[in-house]
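Reading the structure
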Amino acid sequence: MTSDITSFASLAPAYPEMLVAAGALVLLLLGVFSKKPNTIVLSWLAILVLLVAMALVILQPVGGIIFSGGFILDGFARYMKVLVLGGSAFALILSFSTNKENGLDKFEYPVLVLLATAGMMMMVSANDLMSLYVGLELQSLALYVVAAIKRDSEKATEAGLKYFVLGALSSGMLLYGASLIYGFTGHTQLDQITQVIASGGRNIGVVFGVVFLLAGLAFKISAVPFHMWTPDVYEGAPTPVTAFFATAPKVAAMALFIRLVIESFAPISQDWQQIVIFLSIASMVLAAFAAIGQRNMKRLIAYSSIGHIGFALVGLSSGTQVGVEGVAIYMAIYIVMTVCLFAALLSVRADGEAVEEISDYAGLAQRRPFVAAIIAILMFSLIGLPPLAGFFAKWHVFLAAIEARLFVLAVIGVLASAVSAFYYLRVIKTMYFDEPVRQFERVPSELAAVMAVTGFFIVTYYFTLGSPLASWAHTASGSLF
């Protein structure tokens, strides 16, 4: 009995993951054995599980390595897990007002969100190619089902199928890259791979493995040219599900991306930096121009998210602690802006249905001035105008690029931001200067609360979140160097 207690105590770094997985199983049993399971109650229980897990993550001492070196809890993992858990909790809150309309009035939905979150947390703490893949697949399998959860919708079914097919392709590429790295280094543990690469010099087989590994992860963060699933899945999936896709999974995949290139492949930084710079430029430029022709709000957000991943990769391209710190700050601000944006998107309803076409937002400022003001603030923040949070997000990553003497990359980023201003400002123009064409409905109270809280932090970021977030991001990035 003593040895059992001791062995369980040794798993302390993984307590949050174990709690989330156990919570998913308990909710599954409650749903199965209840005659008429209340989805809202189960969702609130899932949010409670996520918040308790977040408290555990914050209170845990860092530095634990378990599962034979396959799982690590450091400052970087703690920071990213808090973002993942927060993004998942907000995604559940956003589903309350339209759960029946979007096919989310099933007890399986909060269960799948918890399982996907457990996989994301495993990804963030992965210290081995095997644990990396286990976490990635746990997340992906749950997300495939969530994308097509509205079974009577052709769009949702198509979105789920596209996501599954392309996700399987990305998993195959990632596995092939991992097998190459294992074959040429003889190890799957990330720190041991680093030692072999450092001692053996640059190996062309390892470089090929890195290319395939990063290509597989580029699918998950929807970086160009592996972005093709994003607009269709964002448009086809139910809007609360799209909000989930746009927040927590992006943070988890970006955290894994950072850990791999900064820790494992540091000795061949010149090779992976070229890949990251290409992904960054391609994502920023394509998103800036492709979004101009979009007429659907969710597709516009999809291209916007692709562009923002490109901006985040600007900081990572530097390969420095300042760059990783910039990406950490960027992802935190991106989460807040995206949650606020989807809360606003779900709030705009007319004639009993969601309004998704940009032209239907005409006159929103006259009928729903609060929602229009929040969307306008968000558009300015997404452009990167001071003193809003989006400005400081881009400032940190561009500063890292300039310090690393990547001047061309920084200039391209600024120009892409200028181009993106066109389609962001078009939304504002439609809301404030066009005549109303629809009669908009009342805003649900929980969505109004989410918009108020997140909008407040976006506007007052410099005076409220700026200093503590920068300090925490600095500590988190320092644990990787």
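Conventions and cut-offs
- Sequence order as written defines residue numbering, which begins from 1 separately in each chain.
- Local features are withheld for residues below a pLDDT of 70 in this predicted model, meaning they are given only at 70 or higher, and side-chain atom pairs are given and counted only at 80 or more; totals for whole chains, interfaces and linings count all residues.
- Each side-chain value is derived from all of the structure's non-hydrogen atoms; neither hydrogens nor water enter the calculation.
- Under the scheme used here, helices are H or I runs from DSSP no shorter than 4 residues and strands are E runs no shorter than 2 residues, and both carry numbers assigned from the N terminus.
- The globule rule is 2.2 Å times the number of residues to the power 0.38, and the radius of gyration it is compared with is taken over C-alpha atoms.
- Each residue gets one of three labels from its accessible area relative to the maximum for its type: buried under 20%, exposed over 50%, partly exposed in between, using a 1.4 Å probe on protein chains only.
- Any pair of residues with heavy atoms lying within 4.5 Å of one another is described as a contacting pair.
- With residues, only the protein chains shown are counted as cover, and all accessible areas are computed by Shrake-Rupley using a 1.4 Å probe.
- Asp and Glu count as negative and Lys and Arg as positive, but His and the ends of the chain are not part of the count.
- For charged residues, the charge sits on one atom: NZ in Lys, CZ in Arg, CG in Asp, CD in Glu.
- Multiplying 1.5 Å by the helix residue count minus one yields the expected span of that helix.
- Lines fitted to C-alpha atoms define the axes, with helix axes restricted to the stretch in contact, and inter-axis angles between N-to-C directions lie between 0 and 180 degrees.
- Should an angle lie under 35 degrees it is considered roughly parallel, over 145 roughly antiparallel, and from 65 to 115 roughly perpendicular; all remaining angles are considered oblique.
- Crossing chirality is assigned from the near helix's rotation relative to the far helix, an anticlockwise turn below a right angle marking it left-handed and a clockwise turn marking it right-handed.
- Three classes are used: nonpolar for Ala, Val, Leu, Ile, Met, Phe, Trp, Tyr, Cys and Pro, charged for Asp, Glu, Lys and Arg, and polar for all others, with Gly counted as polar.
- pLDDT gives the predictor's per-residue confidence on a scale running from 0 to 100.
- The salt bridge criterion pairs a side-chain nitrogen of Lys or Arg with a carboxyl oxygen of Asp or Glu, the two atoms within 4 Å.

Below, the discussion takes up the overall build of the protein. If you tally the helices and strands in the protein, you get 21 helices and four strands. A compact globule built from 481 residues should have a C-alpha radius of gyration of about 23 Å, and the protein, at 22 Å, falls within 12% of that. In terms of overall dimensions, the protein has C-alpha extents of about 70 × 60 × 45 Å along its principal axes. Split into buried and exposed, the 481 residues of the protein put 61% on the buried side. For the protein, long-range pairs separated by at least 24 residues make up 80% of all intrachain contacts whose partners lie at least 6 apart in sequence. As presented, the protein carries roughly 18100 Å² of accessible surface, and 69% of it is formed by carbon and sulfur atoms. Taking the average location of the 26 positive side-chain charges in the protein and that of its 27 negative ones, the two points are 4 Å from each other.

For Trp-229, the location among the structural elements is in helix H10 (residues 229-236). A residue is classified by how much of its surface remains accessible, and Trp-229, at 5% relative accessible area, is buried. Sequence separation between Trp-229 and Gly-167 is 62 residues, and the spatial gap between their C-alpha atoms is 8.9 Å. In contact with Trp-229, other than residues within four places in its own chain, are Tyr-163, Leu-166, Phe-219, Lys-220, Ser-222 and Tyr-234.

By secondary structure assignment, the location of Thr-230 is in helix H10. Looking at Thr-230, the relative accessible area reads 0%, which means it is buried. With residues near it in sequence (within four places) discarded, Thr-230 still touches Ser-222, Ala-302, Ser-305 and Ile-306.

Its 17 residues give helix H5 (residues 108-124) an end-to-end C-alpha distance of 24 Å, which sits within 8% of 24 Å, the value for a rise of 1.5 Å per residue. Buried residues dominate H5, accounting for 15 of its 17 residues.

The next thing to look at is the packing of helix H3 (residues 39-59) against H5. Remark: H3 packs on H5, axes separated minimally by 9 Å, with the N-to-C direction vectors making an angle of 20°. Relative to H5, the element H3 is oriented roughly parallel. Considering the relative orientation of H3 and H5, their crossing is right-handed. Contacts from Thr-39, Leu-42, Ser-43, Ala-46, Val-49, Leu-50 and Val-57 in H3 reach Pro-110, Leu-114, Thr-117 and Met-121 in H5. Taken together, the residues of the contact of H3 with H5 sort by class into eight nonpolar, three polar and no charged.

For the protein, per-residue confidence averages 88 on the pLDDT scale, and residues scoring 70 or more make up 98% of the total. Considering only residues more than four positions removed or in separate chains, one finds that residues 1-6, a stretch of pLDDT under 50, has zero contacts.

On to the pattern of salt bridges, then. Here the structure, examined in full by the defined rule, presents 11 salt bridges. As a salt-bridge pair, Glu-17 and Lys-81 come within 2.5 Å of each other at their nearest N and O atoms. Here Lys-81 lies in helix H4 (residues 75-94) and Glu-17 lies in helix H2 (residues 15-33), a separation of 64 residues in the sequence. Take Glu-17 and Lys-81: they sit in the same class, and that class is buried. In this structure, the salt-bridge partner of Asp-434 is Lys-429, at a minimum N-O distance of 3.3 Å. Overall, the relative accessible area of 22% leaves Asp-434 in the partly exposed class. Taking the relative accessible area as the measure of exposure, Lys-429 reaches 43% and is therefore partly exposed.

To continue, consider unusual backbone geometry. Here the residue pair Val-224 and Pro-225 is connected by a cis peptide bond, since its omega of 10° sits within 30 degrees of zero. Residue position: Pro-225 is located in the loop between helix H9 (204-220) and H10. Pro-387 follows Pro-386 through a cis peptide bond whose omega is 0°. Here Pro-387 shows up in the loop between helix H17 (369-383) and helix H18 (389-403). Its identity is not glycine, yet Phe-67 carries a phi of approximately 55°, on the positive side. For Phe-67, the location among the structural elements is in the loop between strand S1 (64-66) and strand S2 (71-73). The phi dihedral of Ser-222 falls on the positive side, at around 55°, and the residue is not glycine. The residue Ser-222 is located in the loop between H9 and H10 in this model. Of the residues examined, Ser-222 reaches a relative accessible area of 0% and is grouped as buried.

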